[in-house]
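# Structure assessment
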Amino acid sequence: MKSWLMAAAVITLAACATSTTQQADYTTQSKTGTGPTGDELINDHRSAGDVLTYGMGYHQQRYSPLTQINKSTIKRLVPVWSVSLANEFGEQGQPLVYDGVLYAANVKRVVAVEAATGKQLWMTEIPWDPAAARVVCCGLSNRGIALYNGKVFVASLDAHIMALDQKTGKQVWKTKVTEWKDGYSITSAPTVANGVLMTGMTGGEFGVRGFIDGYDPETGKRLWRRHTTAGPGEKGGDTWPKNDAYMRGGASTWITGSYDPELDLVYWGTSNGGPWTATPRPGDNLYVASVIAFRPKTGEIVWHYQWTPAETYDFDGNNENVLADIMVNGEKRKVLMHADRNGFLYTLDRTSGKLISGNPYVKVNWASHIDLTTGRPVETEVGRKLRAGEKVMIQPRWTGGKNWMPMAFNPNTGKLYMAMLEEASIFQLNKDLPVYKPGERYMGVTNTTADRNPNEPWGYYGAIDPLTAKPQWRIPLVDLPSWSGMLSTGGGLVFTGKASGEFLAIDEESGNILWQFRTSSGINAQPITYAINGRQYVSVLSGLGGGTSSKRGTQGKVQPGGSIWTFALME
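What this report covers is the structure whose coordinates are included nearby. The residue count restarts for each chain, going from 1 along the sequence in the order it is written. Selection of residues for local features in this predicted model requires a pLDDT of at least 70, selection of side-chain atom pairs for listing and counting requires 80 or more, and totals for whole chains, interfaces and linings are taken over all residues. Side-chain measures were taken over the full set of non-hydrogen atoms in the model, leaving aside hydrogen atoms and water.

Okay, the overall build of the protein next. On a plain count of helices and strands, the protein comes out with three helices and 38 strands. Only C-alpha atoms enter the radius of gyration; for comparison, a globular chain is expected to reach 2.2 Å times N to the power 0.38, where N is the number of residues. Relative to a compact globule of 571 residues, whose C-alpha radius of gyration would be 25 Å, the protein shows 22 Å and is just as compact. A buried classification covers 65% of the 571 residues belonging to the protein. Here the contacts in the protein between residues at least 6 apart in sequence split such that 62% fall between residues at least 24 apart. The charge count includes Lys and Arg as positive and Asp and Glu as negative, but it does not include His or the ends of the chains. Lys charges are placed at NZ, Arg charges at CZ, Asp charges at CG and Glu charges at CD. Separation between the mean location of the 56 positive side-chain charges and that of the 52 negative ones in the protein comes to 3 Å. Where helices and strands are cited, they refer to DSSP runs of H or I of at least four residues and of E of at least two residues respectively, numbered from the N terminus. Residue exposure (1.4 Å probe, protein chains only): buried if accessible area is under 20% of the type maximum, exposed if over 50%, otherwise partly exposed. Any two residues whose heavy atoms approach within 4.5 Å at even a single point are treated as in contact.

This is how it looks when you write it as structure tokens:
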């Protein structure tokens, strides 16, 4: 009887509405169920009712001006619907919402449901060769989809990209991006900018050559390919040895880029070098562990910045690049903010790539600081010993001070909100160089995790100043590390999740946890918020997943199983 009453309450709650939600200054125009248009994508961050892009806006600030759910009302937040995704591999995706429909994806399928009720409208399986699982480094994941012009775009683990009809879920076209047997896969969400559909790829542990592809969204025809290791005769080619090392050089592109429509520049991060040991590839190795700014119509690189030259630590530079206009020394600047795996928080001028600031946000021992003149990290004795072949303890661990889980930026507070990791690794470059074989691991290092002090936290939730990396507050994570993204709102709240399953609302000013609800599995996904008929909703995917690092400490404590959870205020 009790469970029946609870179910009835959820159904009742889903039907309730309110008119106190603050709207942004843009409303999607088409309202046909077959958009969004290019103009709507550009204005996603200004439309409170929809979530049309990865990052809740091309700038990837993951901020919403909605205020109905706020510090005063948060105590009335309750689940209003939950939908199973029938997936045991884990959920890392960010849903999108358009015209009252929520679209979500995992490695198995794409679903479309009514965003206010959870009623399924259609479901489409994502076909992929099950043998491809052996070339995926860190969990069988899919981080989301793209919407444009009546189509839903999604990539598969075995390196295909396809378009689905937005109303029916039926396949419109499917294109092979590359050959998975050579070590390639795709786990990221595609994106559309200036009418071009783009996707990255992964495979940095398998000796691949990284790239970003641009496609015609109507036909699936490839328009261009931008390799992210510079070859002979290309700009940056002189940063590689005069052999074919660049062909196996890594620099995979497994996190979705951001976009500035005014500058017409896409900003995309690249991963570790291949192999991990830099010994067989002397030089800085552009564009490994970098951000590249390029034209979406052509893939032409306009500028780059390299976070970790001659990368040999597995410090992928893929983490999201958040765009904002902020005050720097009394002047408003167009900036790009990036919390790198190497432990430094960077702020760049996004028009030129010029470094504005670079400061550690977690414990760092491989470098002492970032030289503001050269833009390069100054390696310590620890870093020099590693390159000389000695066994050393490296901070942060190869998983980084922050891994892929995206941070949020609130333009009103000027703060970044993120989950940080505080671990160390025992790292040594192997004397014997690895032998490249297509589709096999190509690393050349020995690495283990340093013993943890059980009295010290796994990491922190924190509110960080983008120019100094100084925290306004930090919440120690004493039970498990967090691999969940952040969402900031106009209601003064920051939403995120825990590996143990709790979904949290944190006071953006004090760092106090104001509300929490335990979902059915661990949360390592990206929450969103949106409004329908004047009612604000918050949705997040629950389902423990990812690689072994993201599941550390959960064995026997948290069970897998994917689902979508959606919350609104009880009335």
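Okay, back to it.
Okay, the state of the cysteines next. Working definition: a disulfide is two cysteine sulfur atoms within 2.5 Å of each other. By the definition in use, this model includes one disulfide. Sulfur-sulfur distance for the disulfide between C137 and C138 comes to 2.1 Å.

Bringing empty space enclosed by the protein into the picture now. Of the two site types, the cavity is a set of points on a 1 Å grid over the protein atoms alone where a 1.4 Å probe fits but cannot get out, and the pocket is an open set with protein on both sides within 12 Å along at least five of seven lines, each lined by residues with an atom within 4 Å of a point. Grid points are joined across faces, edges and corners, and a volume is the space filled by probe spheres set on the points. A full pass over the atoms with the stated rule returns two cavities of 30 Å³ or more. Computed from the structure, the largest cavity encloses a volume of approximately 80 Å³. Looking at the largest cavity, the residues that line it are D44, H45, S47, A48, D50, V51, M56, Y63, S64, P65 and T529. Amino acids outside the nonpolar list (Ala, Val, Leu, Ile, Met, Phe, Trp, Tyr, Cys, Pro) and the charged list (Asp, Glu, Lys, Arg) are all regarded as polar, and Gly is one of them. Its residues assigned to classes, the lining of the largest cavity shows five nonpolar, four polar and two charged. The computed volume of the second largest cavity comes to approximately 60 Å³. Surrounding the second largest cavity, L41, L52, T53, Y54, Y58, I145, A146, L147, P190, T191 and V192 form its lining. Taken together, the elements giving at least two residues each to the lining of the second largest cavity come down to β7 (146-148) and β11 (191-193). Here the residues of the lining of the second largest cavity are counted per class, giving nine nonpolar, two polar and no charged.

Moving on to the pattern of salt bridges. Throughout this description, the term salt bridge denotes a Lys or Arg side-chain nitrogen within 4 Å of a carboxyl oxygen of Asp or Glu. In the structure shown here, the tally under the stated rule is 24 salt bridges. The partner of K151 in a salt bridge is E218, and the shortest N-O contact between them spans 3.0 Å. Of this pair, K151 sits in strand β8 (residues 151-155) while E218 sits in the loop between β13 (211-215) and β14 (222-227), and the two are 67 residues apart along the sequence. A relative accessible area of 10% means that K151 is categorised as buried.

Here five bridges tie strand β9 (residues 160-165) to strand β10 (residues 171-176), and the two strands are oriented antiparallel to one another. The partner of L164 across the bridge, within β10, is Q171. Count of turn residues in the β9/β10 antiparallel hairpin: five residues, of which G169 carries a positive phi of about 80 degrees. Any two strands are treated as partners once DSSP identifies two or more bridges connecting them.

Take the packing of aromatic side chains next. Centre distance within 6.5 Å is the pairing criterion for rings of Phe, Tyr and Trp, where only the six-membered ring of Trp is used; planes under 30 degrees apart are then read as stacked, over 60 as edge-to-face, and the remainder as tilted. Applying the stated criterion to the full structure yields 26 aromatic pairs. Ring geometry for F503 and F567: centres 5.4 Å apart, planes at 25 degrees, overall stacked. Here the residue F503 occupies a position in strand β34 (residues 502-507), and F567 occupies one in strand β38 (residues 563-569), the gap between them amounting to 64 residues. A relative accessible area of 0% places F567 in the buried class. These aromatic residues form a ring-pair network of at least three members: Y305, W307, Y313, F315, F344, Y346 and W366. Lysine and arginine charges are scored as sitting over a ring when NZ or CZ, respectively, is within 6 Å of the ring centre and within 35 degrees of the ring normal. We note R143 situated over the ring of W404; from NZ or CZ to the ring centre the distance is 4.5 Å.

Turning to the nonpolar core, a few remarks are in order. In this description, a nonpolar core means a group of buried Ala, Val, Leu, Ile, Met, Phe, Trp, Tyr and Cys residues linked to one another through side-chain atoms lying within 4.5 Å. In terms of nonpolar packing, the biggest core is built from 100 residues, with L102, Y103, V110, I145, F495 and Y530 touching the most fellow members. Each residue touching V110, except ones within four places of it in the same chain, is listed here: A104, A105, W122, M123, T124, I126, I145, V152, V154 and L164. The next biggest cluster of nonpolar side chains, apart from the first, holds 27 residues, and it includes W276, L348, L355 and V445.

Approximately 550 Å³ is the volume attributed to the largest pocket. By residue class, the composition of the lining of the largest pocket is nine nonpolar, 17 polar and six charged. The calculated volume of the second largest pocket comes to roughly 360 Å³. H45, H59, Q61, D325 and R350 are the residues nearest the centre of the second largest pocket, which is lined by 18 residues in total. Taken together, the elements giving at least two residues each to the lining of the second largest pocket come down to β15 (258-260), β19 (322-328) and β20 (331-339). Looking at the lining of the second largest pocket element by element, the count peaks at four residues for β19. Classifying every residue of the lining of the second largest pocket gives nine nonpolar, three polar and six charged.

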